[in-house]
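Structural description and commentary
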There are 2 protein chains.
Amino acid sequence: MADNPFSMPLDEAMMTQRAIRRLLPDPVDDALVLKLIELALRAPTGSNAQNWEFIVVKDAAVKAKLAKLNRQAWNVYGGIGRRLAERDGDETMKRIIKAVQWQADHFEEVPVIVVACIKTFIPWFPPIAATSAYGSIYPSVQNLLLAARAANLGAALITLPLWSRFRAQRALGLPLSIAPCAVIPLGWPKGKYGPTTRRPVGEVVSLDRYGHRPFA
Amino acid sequence: MADNPFSMPLDEAMMTQRAIRRLLPDPVDDALVLKLIELALRAPTGSNAQNWEFIVVKDAAVKAKLAKLNRQAWNVYGGIGRRLAERDGDETMKRIIKAVQWQADHFEEVPVIVVACIKTFIPWFPPIAATSAYGSIYPSVQNLLLAARAANLGAALITLPLWSRFRAQRALGLPLSIAPCAVIPLGWPKGKYGPTTRRPVGEVVSLDRYGHRPFA
(Lines give C-alpha, C1' and ligand atoms only; values in the text may rest on other atoms or scores of the structure.)
Protein backbone atom coordinates (compact mmCIF):
# COMPACT_ATOMS: atom_id res chain seq x y z
CA MET A 1 0.00 0.00 0.00
CA ALA A 2 2.01 2.94 -1.26
CA ASP A 3 -0.92 5.33 -1.05
CA ASN A 4 -3.58 5.43 1.65
CA PRO A 5 -6.40 3.20 0.31
CA PHE A 6 -8.78 4.51 2.97
CA SER A 7 -8.91 7.91 1.28
CA MET A 8 -11.29 6.38 -1.28
CA PRO A 9 -14.32 8.67 -1.75
CA LEU A 10 -17.06 7.69 0.70
CA ASP A 11 -19.71 7.32 -2.00
CA GLU A 12 -17.45 5.18 -4.18
CA ALA A 13 -16.80 2.82 -1.26
CA MET A 14 -20.52 2.57 -0.51
CA MET A 15 -21.64 2.19 -4.14
CA THR A 16 -19.18 -0.64 -4.82
CA GLN A 17 -19.39 -2.55 -1.53
CA ARG A 18 -20.54 -6.12 -2.01
CA ALA A 19 -20.14 -9.42 -0.20
CA ILE A 20 -16.99 -11.14 -1.49
CA ARG A 21 -17.10 -14.77 -0.44
CA ARG A 22 -14.53 -16.42 -2.74
CA LEU A 23 -11.20 -15.57 -1.12
CA LEU A 24 -7.60 -16.52 -1.83
CA PRO A 25 -5.77 -18.38 0.95
CA ASP A 26 -2.89 -15.85 0.82
CA PRO A 27 -2.10 -14.22 4.17
CA VAL A 28 -3.32 -10.76 5.11
CA ASP A 29 -1.03 -8.49 7.14
CA ASP A 30 -1.99 -8.08 10.79
CA ALA A 31 -1.35 -4.34 10.43
CA LEU A 32 -4.03 -4.10 7.75
CA VAL A 33 -6.55 -6.06 9.82
CA LEU A 34 -5.85 -3.85 12.83
CA LYS A 35 -6.29 -0.74 10.67
CA LEU A 36 -9.74 -2.01 9.60
CA ILE A 37 -10.67 -2.53 13.24
CA GLU A 38 -9.31 0.91 14.19
CA LEU A 39 -11.71 2.43 11.68
CA ALA A 40 -14.49 0.15 12.97
CA LEU A 41 -13.94 1.59 16.46
CA ARG A 42 -14.90 5.06 15.19
CA ALA A 43 -18.52 3.99 14.88
CA PRO A 44 -21.02 5.07 17.53
CA THR A 45 -22.04 2.96 20.53
CA GLY A 46 -24.93 3.53 22.94
CA SER A 47 -23.86 6.00 25.67
CA ASN A 48 -20.41 5.85 23.99
CA ALA A 49 -19.78 2.69 26.01
CA GLN A 50 -17.39 1.22 23.39
CA ASN A 51 -18.40 -2.13 24.85
CA TRP A 52 -17.16 -4.19 21.91
CA GLU A 53 -14.64 -6.96 21.50
CA PHE A 54 -13.12 -8.16 18.26
CA ILE A 55 -11.64 -11.65 17.96
CA VAL A 56 -9.19 -12.03 15.07
CA VAL A 57 -9.06 -15.72 14.21
CA LYS A 58 -6.01 -17.07 12.35
CA ASP A 59 -5.37 -20.32 14.25
CA ALA A 60 -6.33 -23.42 12.21
CA ALA A 61 -7.97 -25.19 15.15
CA VAL A 62 -10.26 -22.26 15.99
CA LYS A 63 -11.07 -21.75 12.29
CA ALA A 64 -12.01 -25.43 12.04
CA LYS A 65 -14.51 -25.01 14.88
CA LEU A 66 -16.12 -21.99 13.22
CA ALA A 67 -16.12 -23.82 9.86
CA LYS A 68 -17.95 -26.74 11.46
CA LEU A 69 -20.56 -24.46 13.06
CA ASN A 70 -20.99 -22.67 9.73
CA ARG A 71 -21.54 -25.95 7.86
CA GLN A 72 -24.02 -27.23 10.46
CA ALA A 73 -26.20 -24.15 9.96
CA TRP A 74 -25.70 -24.07 6.19
CA ASN A 75 -26.78 -27.70 5.84
CA VAL A 76 -30.17 -26.62 7.17
CA TYR A 77 -30.62 -23.10 5.74
CA GLY A 78 -28.83 -23.81 2.44
CA GLY A 79 -31.15 -26.70 1.62
CA ILE A 80 -34.21 -24.53 2.22
CA GLY A 81 -32.74 -21.64 0.21
CA ARG A 82 -31.83 -23.89 -2.70
CA ARG A 83 -35.37 -25.30 -2.92
CA LEU A 84 -36.93 -21.82 -2.78
CA ALA A 85 -34.54 -20.47 -5.44
CA GLU A 86 -35.29 -23.45 -7.72
CA ARG A 87 -39.03 -23.09 -7.22
CA ASP A 88 -38.96 -19.35 -8.00
CA GLY A 89 -36.32 -19.58 -10.76
CA ASP A 90 -34.46 -16.84 -8.85
CA GLU A 91 -31.08 -16.58 -10.62
CA THR A 92 -29.67 -13.91 -8.26
CA MET A 93 -30.46 -16.08 -5.26
CA LYS A 94 -28.93 -19.11 -6.99
CA ARG A 95 -25.69 -17.14 -7.48
CA ILE A 96 -25.66 -16.11 -3.80
CA ILE A 97 -26.26 -19.70 -2.74
CA LYS A 98 -23.36 -20.93 -4.91
CA ALA A 99 -21.06 -18.36 -3.32
CA VAL A 100 -22.18 -19.25 0.21
CA GLN A 101 -21.65 -22.93 -0.62
CA TRP A 102 -18.12 -22.13 -1.83
CA GLN A 103 -17.50 -20.25 1.41
CA ALA A 104 -18.77 -23.19 3.48
CA ASP A 105 -16.54 -25.61 1.52
CA HIS A 106 -13.43 -23.43 1.89
CA PHE A 107 -14.00 -21.91 5.32
CA GLU A 108 -10.79 -23.37 6.80
CA GLU A 109 -8.72 -21.70 4.05
CA VAL A 110 -9.93 -18.16 4.81
CA PRO A 111 -6.81 -16.36 6.06
CA VAL A 112 -8.46 -14.17 8.72
CA ILE A 113 -11.87 -14.29 10.36
CA VAL A 114 -13.00 -11.37 12.51
CA VAL A 115 -15.76 -11.95 15.05
CA ALA A 116 -17.43 -8.79 16.34
CA CYS A 117 -18.83 -9.15 19.85
CA ILE A 118 -20.73 -6.99 22.30
CA LYS A 119 -20.09 -6.99 26.03
CA THR A 120 -23.58 -6.64 27.35
CA PHE A 121 -26.48 -8.73 28.48
CA ILE A 122 -29.12 -8.75 25.73
CA PRO A 123 -32.53 -9.43 27.27
CA TRP A 124 -35.24 -10.58 24.88
CA PHE A 125 -37.66 -8.01 26.24
CA PRO A 126 -38.29 -5.15 25.72
CA PRO A 127 -37.20 -5.01 22.05
CA ILE A 128 -35.51 -1.64 22.64
CA ALA A 129 -32.84 -3.46 24.66
CA ALA A 130 -31.98 -5.71 21.72
CA THR A 131 -31.97 -2.95 19.11
CA SER A 132 -29.81 -0.78 21.38
CA ALA A 133 -27.32 -3.62 21.87
CA TYR A 134 -27.04 -4.58 18.21
CA GLY A 135 -27.04 -0.89 17.31
CA SER A 136 -23.79 -0.65 19.29
CA ILE A 137 -21.96 -3.26 17.21
CA TYR A 138 -23.29 -3.28 13.63
CA PRO A 139 -22.28 0.31 12.82
CA SER A 140 -18.70 -0.76 13.61
CA VAL A 141 -19.12 -3.86 11.46
CA GLN A 142 -20.22 -1.68 8.54
CA ASN A 143 -17.18 0.58 9.04
CA LEU A 144 -15.00 -2.54 8.91
CA LEU A 145 -16.69 -3.74 5.69
CA LEU A 146 -16.36 -0.33 4.03
CA ALA A 147 -12.70 -0.12 5.06
CA ALA A 148 -12.11 -3.63 3.66
CA ARG A 149 -13.71 -2.55 0.39
CA ALA A 150 -11.47 0.54 0.21
CA ALA A 151 -8.41 -1.68 0.78
CA ASN A 152 -9.66 -4.08 -1.93
CA LEU A 153 -9.81 -6.82 0.67
CA GLY A 154 -12.67 -9.28 0.23
CA ALA A 155 -15.18 -9.42 3.08
CA ALA A 156 -18.71 -10.46 3.87
CA LEU A 157 -21.02 -10.22 6.84
CA ILE A 158 -22.29 -13.61 8.00
CA THR A 159 -24.04 -14.96 11.08
CA LEU A 160 -24.38 -18.70 10.29
CA PRO A 161 -21.40 -19.75 12.50
CA LEU A 162 -23.27 -18.19 15.42
CA TRP A 163 -26.40 -20.37 15.15
CA SER A 164 -25.53 -21.62 18.63
CA ARG A 165 -24.30 -18.69 20.69
CA PHE A 166 -23.02 -21.05 23.36
CA ARG A 167 -20.95 -23.18 20.95
CA ALA A 168 -19.54 -20.07 19.27
CA GLN A 169 -18.60 -18.67 22.68
CA ARG A 170 -16.87 -21.94 23.56
CA ALA A 171 -14.95 -22.00 20.26
CA LEU A 172 -13.66 -18.46 20.88
CA GLY A 173 -13.05 -18.72 24.62
CA LEU A 174 -15.70 -16.07 25.25
CA PRO A 175 -17.40 -15.76 28.63
CA LEU A 176 -21.19 -15.97 28.60
CA SER A 177 -21.35 -12.21 29.22
CA ILE A 178 -19.90 -11.43 25.78
CA ALA A 179 -22.17 -12.10 22.81
CA PRO A 180 -20.66 -12.81 19.40
CA CYS A 181 -22.82 -10.89 16.88
CA ALA A 182 -21.22 -11.01 13.45
CA VAL A 183 -18.54 -12.96 11.59
CA ILE A 184 -16.46 -11.36 8.83
CA PRO A 185 -14.19 -13.67 6.81
CA LEU A 186 -11.42 -11.55 5.27
CA GLY A 187 -9.00 -12.28 2.45
CA TRP A 188 -7.73 -11.13 -0.90
CA PRO A 189 -10.58 -11.62 -3.34
CA LYS A 190 -10.82 -14.05 -6.21
CA GLY A 191 -13.60 -11.88 -7.61
CA LYS A 192 -13.74 -8.13 -7.62
CA TYR A 193 -15.76 -5.28 -6.20
CA GLY A 194 -18.14 -3.42 -8.46
CA PRO A 195 -21.43 -1.56 -8.62
CA THR A 196 -24.44 -3.16 -6.95
CA THR A 197 -28.10 -2.89 -7.84
CA ARG A 198 -30.84 -1.90 -5.45
CA ARG A 199 -34.56 -1.18 -5.46
CA PRO A 200 -35.32 2.52 -6.13
CA VAL A 201 -35.21 4.65 -2.99
CA GLY A 202 -38.80 5.90 -3.46
CA GLU A 203 -40.12 2.37 -2.99
CA VAL A 204 -38.74 2.01 0.51
CA VAL A 205 -39.26 5.55 1.80
CA SER A 206 -42.51 6.76 3.35
CA LEU A 207 -43.23 10.34 4.38
CA ASP A 208 -44.64 10.80 7.90
CA ARG A 209 -46.70 7.63 7.87
CA TYR A 210 -45.89 4.17 6.53
CA GLY A 211 -47.18 3.69 2.99
CA HIS A 212 -47.38 7.38 2.05
CA ARG A 213 -44.84 7.37 -0.81
CA PRO A 214 -44.54 10.77 -2.50
CA PHE A 215 -40.97 10.04 -3.64
CA ALA A 216 -41.80 6.84 -5.56
CA MET B 1 -23.74 21.96 -2.64
CA ALA B 2 -21.60 22.94 -5.59
CA ASP B 3 -19.27 19.98 -5.21
CA ASN B 4 -20.23 16.45 -4.29
CA PRO B 5 -19.86 16.30 -0.49
CA PHE B 6 -20.05 12.49 -0.54
CA SER B 7 -16.64 12.28 -2.19
CA MET B 8 -15.11 12.99 1.24
CA PRO B 9 -12.32 10.47 1.95
CA LEU B 10 -13.76 7.41 3.71
CA ASP B 11 -11.30 7.60 6.61
CA GLU B 12 -11.93 11.31 7.15
CA ALA B 13 -15.69 10.66 7.35
CA MET B 14 -15.17 7.83 9.83
CA MET B 15 -12.58 9.64 11.97
CA THR B 16 -14.77 12.73 12.37
CA GLN B 17 -18.19 11.13 12.75
CA ARG B 18 -19.83 12.01 16.04
CA ALA B 19 -23.35 12.28 17.40
CA ILE B 20 -24.62 15.83 16.78
CA ARG B 21 -27.69 16.40 18.94
CA ARG B 22 -28.01 20.21 18.98
CA LEU B 23 -29.64 21.01 15.64
CA LEU B 24 -30.93 24.18 14.02
CA PRO B 25 -34.63 24.24 13.14
CA ASP B 26 -33.81 25.27 9.54
CA PRO B 27 -35.31 22.98 6.87
CA VAL B 28 -33.28 20.28 5.12
CA ASP B 29 -33.92 19.60 1.43
CA ASP B 30 -35.85 16.41 0.69
CA ALA B 31 -33.35 15.71 -2.11
CA LEU B 32 -30.50 15.62 0.40
CA VAL B 33 -32.38 13.34 2.78
CA LEU B 34 -33.22 10.99 -0.10
CA LYS B 35 -29.57 10.97 -1.18
CA LEU B 36 -28.55 9.90 2.35
CA ILE B 37 -31.09 7.08 2.20
CA GLU B 38 -29.93 6.08 -1.29
CA LEU B 39 -26.44 5.58 0.11
CA ALA B 40 -27.92 3.77 3.13
CA LEU B 41 -29.54 1.29 0.72
CA ARG B 42 -26.09 0.24 -0.53
CA ALA B 43 -25.41 -1.54 2.75
CA PRO B 44 -25.72 -5.32 2.91
CA THR B 45 -28.83 -7.19 4.09
CA GLY B 46 -29.14 -10.89 4.95
CA SER B 47 -29.76 -12.90 1.74
CA ASN B 48 -29.81 -9.48 -0.01
CA ALA B 49 -33.47 -9.24 1.02
CA GLN B 50 -33.40 -5.40 1.17
CA ASN B 51 -36.29 -5.78 3.62
CA TRP B 52 -35.99 -2.30 5.03
CA GLU B 53 -38.36 0.66 5.28
CA PHE B 54 -37.41 4.25 6.04
CA ILE B 55 -39.96 6.68 7.42
CA VAL B 56 -39.03 10.34 6.88
CA VAL B 57 -40.90 12.36 9.49
CA LYS B 58 -41.49 16.07 8.88
CA ASP B 59 -45.12 16.43 9.99
CA ALA B 60 -45.46 18.28 13.32
CA ALA B 61 -48.11 15.93 14.70
CA VAL B 62 -46.03 12.80 14.08
CA LYS B 63 -42.91 14.51 15.43
CA ALA B 64 -44.82 15.41 18.59
CA LYS B 65 -45.69 11.75 19.15
CA LEU B 66 -42.07 10.69 18.77
CA ALA B 67 -40.99 13.57 21.02
CA LYS B 68 -43.39 12.38 23.71
CA LEU B 69 -42.14 8.79 23.50
CA ASN B 70 -38.57 10.04 23.65
CA ARG B 71 -39.27 12.13 26.77
CA GLN B 72 -41.07 9.26 28.50
CA ALA B 73 -38.01 7.03 28.12
CA TRP B 74 -35.55 9.82 28.89
CA ASN B 75 -37.36 10.68 32.14
CA VAL B 76 -36.46 7.18 33.33
CA TYR B 77 -33.02 6.54 31.76
CA GLY B 78 -31.82 10.12 32.03
CA GLY B 79 -32.40 10.22 35.77
CA ILE B 80 -30.40 7.04 36.26
CA GLY B 81 -27.61 8.24 33.97
CA ARG B 82 -27.38 11.60 35.73
CA ARG B 83 -27.03 9.95 39.15
CA LEU B 84 -24.34 7.56 37.88
CA ALA B 85 -22.42 10.38 36.18
CA GLU B 86 -22.57 12.48 39.36
CA ARG B 87 -21.48 9.57 41.53
CA ASP B 88 -18.51 8.75 39.25
CA GLY B 89 -17.64 12.38 38.46
CA ASP B 90 -17.73 11.33 34.79
CA GLU B 91 -17.41 14.62 32.85
CA THR B 92 -17.73 12.99 29.39
CA MET B 93 -20.95 11.31 30.43
CA LYS B 94 -22.26 14.58 31.92
CA ARG B 95 -21.66 16.27 28.55
CA ILE B 96 -23.50 13.49 26.71
CA ILE B 97 -26.40 13.73 29.17
CA LYS B 98 -26.67 17.50 28.68
CA ALA B 99 -26.78 17.00 24.89
CA VAL B 100 -29.43 14.27 25.15
CA GLN B 101 -31.43 16.54 27.48
CA TRP B 102 -31.21 19.35 24.90
CA GLN B 103 -32.40 16.91 22.23
CA ALA B 104 -35.35 15.81 24.40
CA ASP B 105 -36.31 19.44 25.10
CA HIS B 106 -36.13 20.44 21.40
CA PHE B 107 -37.30 17.26 19.72
CA GLU B 108 -40.30 18.92 18.03
CA GLU B 109 -37.98 21.47 16.37
CA VAL B 110 -35.80 18.88 14.63
CA PRO B 111 -36.46 19.43 10.92
CA VAL B 112 -36.32 15.80 9.78
CA ILE B 113 -36.43 12.52 11.68
CA VAL B 114 -35.62 9.29 9.84
CA VAL B 115 -36.84 6.02 11.34
CA ALA B 116 -35.12 2.90 9.98
CA CYS B 117 -37.31 -0.19 10.10
CA ILE B 118 -36.96 -3.84 9.22
CA LYS B 119 -39.72 -5.89 7.62
CA THR B 120 -39.28 -9.17 9.37
CA PHE B 121 -40.47 -11.04 12.39
CA ILE B 122 -37.75 -10.94 15.07
CA PRO B 123 -38.18 -13.92 17.38
CA TRP B 124 -36.41 -13.70 20.71
CA PHE B 125 -34.88 -17.14 20.28
CA PRO B 126 -32.45 -18.26 18.96
CA PRO B 127 -30.19 -15.18 19.26
CA ILE B 128 -28.93 -15.70 15.69
CA ALA B 129 -32.37 -14.62 14.43
CA ALA B 130 -32.10 -11.30 16.25
CA THR B 131 -28.53 -10.59 15.22
CA SER B 132 -29.35 -11.47 11.59
CA ALA B 133 -32.35 -9.11 11.62
CA TYR B 134 -30.55 -6.15 13.21
CA GLY B 135 -27.52 -6.94 11.02
CA SER B 136 -29.78 -6.19 8.04
CA ILE B 137 -30.65 -2.67 9.16
CA TYR B 138 -27.78 -1.17 11.20
CA PRO B 139 -25.20 -1.30 8.39
CA SER B 140 -27.59 0.92 6.40
CA VAL B 141 -28.02 3.22 9.40
CA GLN B 142 -24.24 3.61 9.63
CA ASN B 143 -24.08 4.44 5.90
CA LEU B 144 -26.73 7.10 6.51
CA LEU B 145 -24.78 8.56 9.45
CA LEU B 146 -21.51 8.63 7.49
CA ALA B 147 -23.26 10.26 4.53
CA ALA B 148 -24.79 12.87 6.87
CA ARG B 149 -21.33 13.59 8.28
CA ALA B 150 -19.91 14.03 4.75
CA ALA B 151 -22.73 16.48 3.95
CA ASN B 152 -22.05 18.32 7.25
CA LEU B 153 -25.57 17.52 8.35
CA GLY B 154 -25.96 16.84 12.07
CA ALA B 155 -27.19 13.37 12.99
CA ALA B 156 -27.27 10.92 15.86
CA LEU B 157 -28.41 7.35 16.33
CA ILE B 158 -31.01 7.01 19.08
CA THR B 159 -33.45 4.34 20.21
CA LEU B 160 -35.24 5.99 23.16
CA PRO B 161 -38.40 6.90 21.14
CA LEU B 162 -38.78 3.15 20.48
CA TRP B 163 -39.01 2.09 24.14
CA SER B 164 -42.50 0.82 23.30
CA ARG B 165 -42.36 -0.81 19.88
CA PHE B 166 -46.15 -0.87 19.74
CA ARG B 167 -46.57 2.85 20.47
CA ALA B 168 -43.84 3.73 17.97
CA GLN B 169 -45.56 1.59 15.35
CA ARG B 170 -48.85 3.34 16.04
CA ALA B 171 -47.25 6.79 15.80
CA LEU B 172 -45.78 5.93 12.39
CA GLY B 173 -48.71 3.96 10.99
CA LEU B 174 -46.54 0.84 10.84
CA PRO B 175 -48.10 -2.61 10.76
CA LEU B 176 -47.00 -5.00 13.51
CA SER B 177 -44.92 -6.90 10.95
CA ILE B 178 -42.51 -3.96 10.50
CA ALA B 179 -40.19 -3.25 13.43
CA PRO B 180 -38.81 0.27 13.92
CA CYS B 181 -35.14 -0.20 14.90
CA ALA B 182 -33.37 3.15 14.95
CA VAL B 183 -34.26 6.85 14.97
CA ILE B 184 -31.99 9.44 13.35
CA PRO B 185 -32.86 13.13 13.96
CA LEU B 186 -31.30 15.17 11.13
CA GLY B 187 -30.63 18.88 10.85
CA TRP B 188 -28.00 21.50 10.25
CA PRO B 189 -25.73 21.42 13.29
CA LYS B 190 -25.29 24.06 15.96
CA GLY B 191 -22.01 22.35 16.85
CA LYS B 192 -19.50 20.89 14.46
CA TYR B 193 -17.95 17.58 13.50
CA GLY B 194 -14.42 16.82 14.61
CA PRO B 195 -12.04 14.09 15.68
CA THR B 196 -13.27 11.61 18.28
CA THR B 197 -11.30 9.71 20.89
CA ARG B 198 -11.40 5.96 21.39
CA ARG B 199 -9.72 3.30 23.47
CA PRO B 200 -6.60 1.87 21.73
CA VAL B 201 -7.38 -0.92 19.27
CA GLY B 202 -5.09 -3.42 21.05
CA GLU B 203 -7.29 -3.28 24.15
CA VAL B 204 -10.37 -4.56 22.37
CA VAL B 205 -8.76 -7.06 19.97
CA SER B 206 -8.00 -10.65 20.92
CA LEU B 207 -6.11 -13.12 18.73
CA ASP B 208 -7.77 -16.54 18.29
CA ARG B 209 -9.17 -16.70 21.81
CA TYR B 210 -10.77 -14.02 23.96
CA GLY B 211 -8.27 -12.35 26.27
CA HIS B 212 -5.13 -13.19 24.23
CA ARG B 213 -4.02 -9.65 23.39
CA PRO B 214 -0.74 -9.60 21.47
CA PHE B 215 -1.58 -6.24 19.86
CA ALA B 216 -2.08 -4.35 23.13
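Right, let's walk through the structure included here. (Residues numbered from 1 in each chain as written. Chains lettered and ligands numbered in written order. Predicted model: local features only at pLDDT ≥ 70, side-chain atom pairs only at ≥ 80, totals over all residues.)

**Describing the nonpolar core**
- In this structure, L144 and I184 of chain A together with L144 and I184 of chain B are the most contacted members of the largest nonpolar core, which totals 143 residues.
- Non-local contacts of I184 of chain B, meaning those with residues more than four positions away in its chain, are made with V114, V141, L144, L145, A155, A156 and L157 of chain B. (Core = buried A, V, L, I, M, F, W, Y, C linked by C-beta atoms within 7 Å. Buried ≥ 20, exposed ≤ 12 C-beta atoms within 10 Å, placed from the backbone. Contact = placed C-beta atoms within 7 Å.)

**Examining helix α7 (residues 165-172) of chain B**
All names here are of chain B.
- Within α7, burial applies to A168, A171 and L172. Each buried residue of α7 lies within a common arc of 90° when the element is viewed along its axis, so the set occupies one face.
- The inward-facing, buried residues of α7 contact β1 (52-57), α3 (60-88), β2 (112-118) and β4 (179-187).
- G173 occupies a position one or two residues after α7 and carries a positive phi of about 65°. (Helix = DSSP H or I, 4+ residues; strand = E, 2+ residues; numbered from the N terminus. Arc of directions from axis to C-beta.)

**Brief notes about the relation of the copies chain A and chain B**
- Taken as rigid bodies, chain A and chain B are interconverted by a rotation of 180° and an axial shift of 0.0 Å, the fit giving an RMSD of 0.0 Å. Taken together, the rotation and translation relating the two chain copies correspond to the operation of a two-fold axis.
- Both copies present the same face, since 100% of the interface residues in chain A are matched by interface residues at the equivalent positions in chain B. (Least-squares fit on C-alpha atoms with pLDDT ≥ 70 in both.)

**Some thoughts on the interface of chain A and chain B**
- Facing 74 residues of chain A, the contacting portion of chain B comprises 74 residues.
- Of all the secondary structure elements, the ones that give two or more residues to the side of chain A that touches chain B are α1 (10-15), α2 (30-40), β1 (52-57), α5 (127-134), α6 (138-150), α7 (165-172), β4 (179-187) and β5 (205-207) of chain A.
- Sort the elements by how many residues they give to the side of chain A that touches chain B and α6 of chain A lands first, with 7 residues.
- Each residue belonging to the side of chain A that touches chain B can be placed in one class, and the counts come to 48 nonpolar, 15 polar and 11 charged.
- Note: β1 of chain A against strand β5 (residues 205-207) of chain B, 3 bridges, orientation parallel. Residue pairing across strands places I55 of chain A opposite S206 of chain B, the latter belonging to β5 of chain B. (Nonpolar A, V, L, I, M, F, W, Y, C, P; charged D, E, K, R; others polar. Pairing = 2+ DSSP bridges.)

**What to know about the sheet that holds β4 of chain A**
- Within the open sheet, the 5 strands sit side by side as β3(A)-β4(A)-β2(A)-β1(A)-β5(B). Their pairing is mixed. If you trace the sheet from one side to the other, it starts and ends with β3 (154-155) of chain A together with β5 of chain B, each paired once.
- Inspection of the sheet shows β3 of chain A paired to β4 of chain A by 2 bridges, in the antiparallel sense. Bridging across to β4 of chain A, G154 of chain A finds its partner in G187 of chain A.

**Description of helix α6 (residues 138-150) of chain B**
Residue and element names in this part refer to chain B.
- Over its 13 residues, α6 runs 18 Å from end to end, which matches the ideal 18 Å to within 8%, given 1.5 Å per residue.
- For α6, the buried fraction is high: 13 of the 13 residues fall into the buried class.
- Downstream of α6 by a residue or two, N152 has a phi angle that is positive, lying close to 60°. (Expected span 1.5 Å × (residues − 1).)

**Digging into the sheet that holds β5 of chain A**
- Judged by pairing direction, the sheet is mixed, and its 5 strands sit side by side in the order β5(A)-β1(B)-β2(B)-β4(B)-β3(B) without closing on themselves. Looking along the sheet, the strands with just one partner apiece sit at the ends: β5 of chain A together with β3 (154-155) of chain B.

**Describing the pairing of β1 of chain B**
All names here are of chain B.
- Counting buried positions over the 6 residues of β1 gives 6, a clear majority of the element.
- The side-chain alternation of β1 yields two buried faces, one formed by W52, F54 and V56 and the other by E53, I55 and V57.
- For β1 and β2, the ladder comprises 6 bridges, and the chain directions are antiparallel. Residue W52 lies in a different strand from β2, and its bridge partner there is I118.

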